[in-house]
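# A structural walkthrough
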Amino acid sequence: MDALNKKTIEDIDVKGKRVIARCDFNVPLKDGVITNDKRIVAALPTIKYLMENGAKVILCSHLGRPKGEYKPEFSLAPVAAKLSEYLGVEVKLAEDENVVGENAKAMAAELKDGEVMLLENVRYRKEETKNEESFSKELASLGDIFVNDAFGTAHRAHCSTTGIASYLPAVCGYLIQKEIKFMGGALSDPKRPLVAILGGAKVSDKIGVISNLIEKCDTIIIGGGMAYTFMKYLGHNIGDSLLEADWVEKAGEMMKSAEEKGVKFLIPVDNKVGKEYDENTEAMIVNSDEIPDGWMGLDIGPKTQEVFADAIKGAGTVIWNGPMGVSEWDNFAAGTICVANAVAESGAVSIIGGGDSVAAVTKLGFADKMSHISTGGGASLEFLEGKDLPGICALNDKD
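Residues numbered from 1 in each chain as written. Predicted model: local features only at pLDDT ≥ 70, side-chain atom pairs only at ≥ 80, totals over all residues. Heavy atoms only, no water.

## Let's talk about the pairing of strand 4 (residues 56–60)
Burial of strand 4 is extensive: five of the five residues sit out of reach of the surface. Residues Lys56, Ile58 and Cys60 of strand 4 are buried on one face, and the alternating residues Val57 and Leu59, pointing to the opposite face, are buried as well. Bridge analysis of strand 1 (residues 18–22) against strand 4 gives five bridges, and the strand direction is parallel. Bridge pairing in strand 4 links Arg18 to Lys56. (Buried < 20%, exposed > 50% of the residue type's maximum accessible area, 1.4 Å probe, protein only. Helix = DSSP H or I, 4+ residues; strand = E, 2+ residues; numbered from the N terminus. Pairing = 2+ DSSP bridges.)

Structure, rendered in structure tokens:
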């Protein structure tokens, strides 16, 4: 898949056309109120471009997991209201329990250039997640052009992400374009040195990413819970720290592979350890080969912070996925803060890939200092693994 060669909304004429745009409006709700509308805001540039260029815009998205049946608590009504607020025009919701129903068809037929409507939750239909042709055709029947701007679901082959692309000209919106530009560029033609920082709890979750990045990086930095599996391979005593015993050998193979390729592979030299898994546990700093029995590593230590920050300093590109410790606890956030600070000050092209690392840099106030924060957890991981993402593969290539 040459992700960098996909057509975008600017490569086609949308004037007077019915454009079905798949967005990611999977926002958190509490008692029917949206608690975080970042994903809606992220979709606005694409929607505004389509409106300003005279498209008749039909938006669609999933929300939560209604598991293929109509459940009012998963309705996109709050999203329609929020979109109306941001766009300054009424965004009508086609209230069909079967998504492409009488309301949707009538509304789509009456849309004028520059107007916007929203379909109900595509996951009300069980066919959606099975990528069944029948529902893909129903969706496609409403429009002339398909725009995918939902990077968060690009790793899923569903009716609204890939199925519909078989029946309509398919291009990407600004959000997917930005993801492809930053993440695709970092993997295919990075400004060097390329430094990857990988944290989080489990080695098993990141095996594919580490293997792929060993082929591409100059330096790999390992922190978080998964570092203890690498320490175990080196024969260190890791006390009660997180360990995936089945992956110790594999961790060792990766360290050897990095060494053979001349890739610097850094793991913590000291750790902040706690007596139990609790924010206010008794804690102390110990070297990586001296974690006492009954204690567990919960963050990287000060020497490690220095080593990691030093490795980040001269980077041209940084890819970061996963915190260095239990960063949601103030007592064990210092490692993640230090790394975030080093990335922010490095002047490198910095790409924060999905999930917990995004939450960490946002909470710690570093978000605006990063070049790119990915909008897809699972999708960005698979992209970094070098896997083809069906939702992007399905789009038309530039001529």
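## Side note on the state of the cysteines
Evaluated as defined, the whole model comprises zero disulfides. Sulfur of Cys338: no disulfide; nearest cysteine sulfur belongs to Cys217 and is 19 Å away. We classify Cys338 as buried; its relative accessible area is 19%. Cys393 forms no disulfide, and the closest cysteine sulfur to it belongs to Cys172, at a distance of 13 Å. (Disulfide = S-S within 2.5 Å.)

## Looking at helix 2 (residues 77–87)
Taken residue by residue, helix 2 has Val79, Ala80, Leu83, Ser84 and Leu87 as its buried positions. Angularly, the buried residues of helix 2 cover 140° about the axis, an arc narrow enough to put them on a single face. Contact partners of the buried residues in helix 2: strand 3 (33–34), helix 1 (38–52), strand 4, strand 5 (92–94) and strand 6 (116–119). Once helix 2 finishes, Gly88 follows within two positions and takes phi at roughly 70°, a positive value. (Arc of directions from axis to C-beta. Contact = heavy atoms within 4.5 Å.)

## Regarding helix 1
With 15 residues, helix 1 should reach 21 Å at 1.5 Å per residue; the first-to-last C-alpha distance of 22 Å fits that figure. Three or more residues of helix 1 are buried, namely Ile40, Ala43, Leu44, Thr46, Ile47, Tyr49, Leu50 and Met51. Gly54, located one to two residues past helix 1, shows a positive phi value of around 75°. (Expected span 1.5 Å × (residues − 1).)

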